[in-house]
Protein chains: 2
Amino acid sequence: MFISREDISRLTIQRMVLYHSVLKLMQEEGITVCISKELGRRTGISPHLIRKDLAYFGGFGTKGVGYETDYLFRRIEEILGYDTSWNTVLVGLDMPTVVPVMCYSRLWPEAIKIVAIIDLGKKNQGMAVHNLGLTIEPIENIKDIICSRKITIGILAVPPSYAQKTANQLIRAGIKGIVNFSSFPIFAPEDIAITQVNMTSMFSQLTFDLKHVATNGSCS
Amino acid sequence: MFISREDISRLTIQRMVLYHSVLKLMQEEGITVCISKELGRRTGISPHLIRKDLAYFGGFGTKGVGYETDYLFRRIEEILGYDTSWNTVLVGLDMPTVVPVMCYSRLWPEAIKIVAIIDLGKKNQGMAVHNLGLTIEPIENIKDIICSRKITIGILAVPPSYAQKTANQLIRAGIKGIVNFSSFPIFAPEDIAITQVNMTSMFSQLTFDLKHVATNGSCS
């Protein structure tokens, strides 16, 4: 199945991720068949929109019967690309977002497989990251690292002022997608997939709302 | 200044966060006056839209001269609510997103001040979290904890199947805003500010794009 990037909105993908989470829970609960109404109840998305989303990718259910939970789960994994292992390089160690990788690699989905860690600075070079079974390597080796380990994704966790320069190095070395954790946006050619993750920005909507929307205290 | 939540789009807030990051870097570089063209060059946002965003909040610049960097930075901090300290409770320890808090509390903006940690399970109760100077407390004490420590924000990091139930407990106890790190959406009354953070979802757009958009290999 080939789908052009433009055909599918970001919101559709986000909803698919949600269906995936809910279906996983339903599997754990031993529910073998699910109907769009139940998916709707658990996700807050209208059953009509759920049927439309799923029909877009080929319609996996039987009218009046519903969807087979396992089958739908596997199909969504395929659609989202979770059925593939994506070799990934982590670049930069200065950002707090990288700490969980060092402590605990389950922050990312299982399909994201970290196969190299690069740091811009000299002082961490050669250091072992035991839970990943990797050693920290220099940016100078990036092209060889990406090509020899068939890496497609780079996780960018360098200080903001290095973000664009480092992204350019990754792209020149053959990377296909970048998850940018630095707080600065990066620019790339159209054929490079970019996801910007700004943790501060996620909190900002909340602090903005709390500051500017009057609320009544409830502690009395 | 009172601004209704409906007046300001999420995208405006996200752009304000970006201006904030860029202005911080400009301050560090010793740039005392900045023009919208330079802000535009660094953020990728059109200077026209930047002027429009800033004018919306009151117009901080002088025509033909630009904005005073320090002043604009401080005004944006005020607008985003970063000038206030937000007492926050962290609820749940099961999610990998919580690990950085235990290791390294700088994952959140400085304005977010963690003053309590609650776990649903029994086994971690009373355990000290040294870098935060806190001990883990039980959910049963939630109302007292929220009221006595003037807590407005809850960070929800419980397993997905506990997310809604725990959110309800926080809301009943008087919380005003929730940052939900569990992969399930939560529902709340309109006067409660909610931000959903789904790390898996951020990677999914990328793996979707990489899977469905043809790319040419560049290793040769």
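Residues numbered from 1 in each chain as written. Chains lettered and ligands numbered in written order. Predicted model: local features only at pLDDT ≥ 70, side-chain atom pairs only at ≥ 80, totals over all residues. Heavy atoms only, no water.

### Let's talk about helix 7 (residues 163–172) of chain A
Residues and elements named next belong to chain A.
- Looking only at helix 7, the buried set comprises A163, T166, A167, L170 and I171. Down the axis, helix 7 shows its buried residues gathered within 140 degrees of arc, on one side only. Exposed and facing more than 90 degrees away from the buried side of helix 7 are K165 and R172.
- Residues of helix 7 that are buried in the fold lie against strand 3 (86–91), helix 6 (142–148), strand 7 (153–156) and strand 8 (177–180).
- G174, located one to two residues past helix 7, shows a positive phi value of around 110 degrees. (Buried < 20%, exposed > 50% of the residue type's maximum accessible area, 1.4 Å probe, protein only. Helix = DSSP H or I, 4+ residues; strand = E, 2+ residues; numbered from the N terminus. Arc of directions from axis to C-beta. Contact = heavy atoms within 4.5 Å.)

### Side note on the sheet that holds strand 3 of chain A
- Strand order in this open sheet of seven strands is 5-6-4-3-7-8-9 (chain A), and the pairing throughout is mixed. A strand with exactly one partner marks an edge of an open sheet, and here the two such strands are strand 5 (128–129) and strand 9 (193–196) of chain A.
- Strand direction decides the pairing type here: strand 8 of chain A and strand 9 of chain A, joined by four bridges, are parallel. Residue A:V179 lies in a different strand from strand 9 of chain A, and its bridge partner there is A:T195.
- Contacts between helix 7 of chain A and the sheet are confined to strand 3, strand 7 and strand 8 of chain A, with strand 7 of chain A contributing the most and set at about 165 degrees to the helix.
- Its contacts with the sheet put helix 8 (residues 199–212) of chain B on strand 3, strand 4 (112–119), strand 7, strand 8 and strand 9 of chain A, and the angle it makes with strand 9 of chain A is roughly 175 degrees. (Pairing = 2+ DSSP bridges. Axes fitted to C-alpha atoms, helices over the stretch in contact; angles between N-to-C directions.)

### Topic: the domain arrangement of chain A
- Taken domain by domain, chain A holds domain 1 (5–79) and domain 2 (86–202).
- Spacing between the C-alpha centres of domain 1 of chain A and domain 2 of chain A amounts to 31 Å. (Domains from an automatic or database assignment.)

### Considerations on the sheet that holds strand 6 (residues 134–138) of chain B
Residue and element names in this part refer to chain B.
- Read across the sheet, seven strands follow the order 5-6-4-3-7-8-9 without closing on themselves; strand pairing throughout is mixed. For this open sheet the edge positions go to strand 5 (128–129) and strand 9 (193–196), each flanked by a neighbour on one side alone.
- Bridge count for strand 4 (residues 112–119) against strand 6 is three bridges, and the pairing is parallel. Paired with D119 across the bridge in strand 6 is P138.

### Some words on the environment of B:Y67
Residue and element names in this part refer to chain B.
- When you line up the elements, Y67 lands in strand 2 (residues 67–68).
- Note on Y67: relative accessible area 8%, which makes it buried.
- Those residues within four positions of Y67 in sequence are excluded, and the remaining contacts are T32, V33, C34, S36, R51, L54, F60, G61 and L72.

### Things to note about the nonpolar core
- One finds A:I117, A:I155, A:V179, B:I117, B:I155 and B:V179 to be the most contacted residues of the largest nonpolar core, which totals 43 residues.
- Apart from residues lying up to four places away in sequence, B:I117 is in contact with B:L90, B:L93, B:V129, B:L132, B:L134, B:T135, B:I136 and B:E137. (Core = buried A, V, L, I, M, F, W, Y, C linked by side-chain atoms within 4.5 Å.)

### Let's talk about the side chain of B:H20
- Along the chain, B:H20 turns up in helix 1 (residues 10–28).
- Excluding anything up to four places from it in sequence, B:H20 contacts B:F73, B:I76, B:E77, B:L80 and B:Y82.

### As for the packing of helix 4 (residues 69–80) of chain A against helix 8 of chain B
- Between helix 4 of chain A and helix 8 of chain B, whose axes approach to 7 Å, the crossing angle comes to 80 degrees. Taken together, helix 4 of chain A and helix 8 of chain B sit at an angle that is classed as roughly perpendicular. From helix 4 of chain A, A:E78, A:I79 and A:L80 reach across to helix 8 of chain B, where they touch B:S204, B:T207, B:F208, B:K211 and B:H212.
- Residues belonging to the contact of helix 4 of chain A with helix 8 of chain B are distributed by class as follows: three nonpolar, three polar and two charged. (Parallel < 35°, antiparallel > 145°, perpendicular 65-115°, else oblique. Nonpolar A, V, L, I, M, F, W, Y, C, P; charged D, E, K, R; others polar.)

### Brief notes about helix 8 (residues 199–212) of chain A
Residue and element names in this part refer to chain A.
- A rise of 1.5 Å per residue sets the reference length of helix 8, with its 14 residues, at 20 Å; its end C-alpha atoms lie 21 Å apart and thus fit the reference within 8%.
- In terms of residue burial, helix 8 counts as a mostly covered element, since 12 of its 14 residues are buried.
- Within helix 8, burial applies to M199, S201, M202, F203, S204, Q205, L206, T207, F208, D209, L210 and H212. (Expected span 1.5 Å × (residues − 1).)

### Observations concerning the pattern of salt bridges
- A full pass over the atoms with the stated rule returns 14 salt bridges over all chains.
- Two residues, B:K211 and A:D83, come together in a salt bridge whose shortest N-O distance is 2.9 Å. Pair noted here: B:K211 is in helix 8 and A:D83 is in the loop between helix 4 and strand 3, and the two residues belong to different chains.
- Residue classification places B:K211 among the partly exposed residues on the basis of a relative accessible area of 31%.
- On the basis of relative accessible area, A:D83 is assigned to the partly exposed category, the value being 44%.
- With a closest N to O distance of 2.7 Å, B:E78 and B:R75 form a salt bridge. With B:E78 and B:R75 both in helix 4 (residues 69–80) and three residues apart, this pair spans about one turn of that helix.
- Looking at B:E78, the relative accessible area reads 33%, which means it is partly exposed.
- Three or more residues joined by partner-sharing salt bridges are found here, namely A:E29, A:E38, A:R41 and A:R42. (Salt bridge = Lys/Arg side-chain N within 4 Å of Asp/Glu carboxyl O.)

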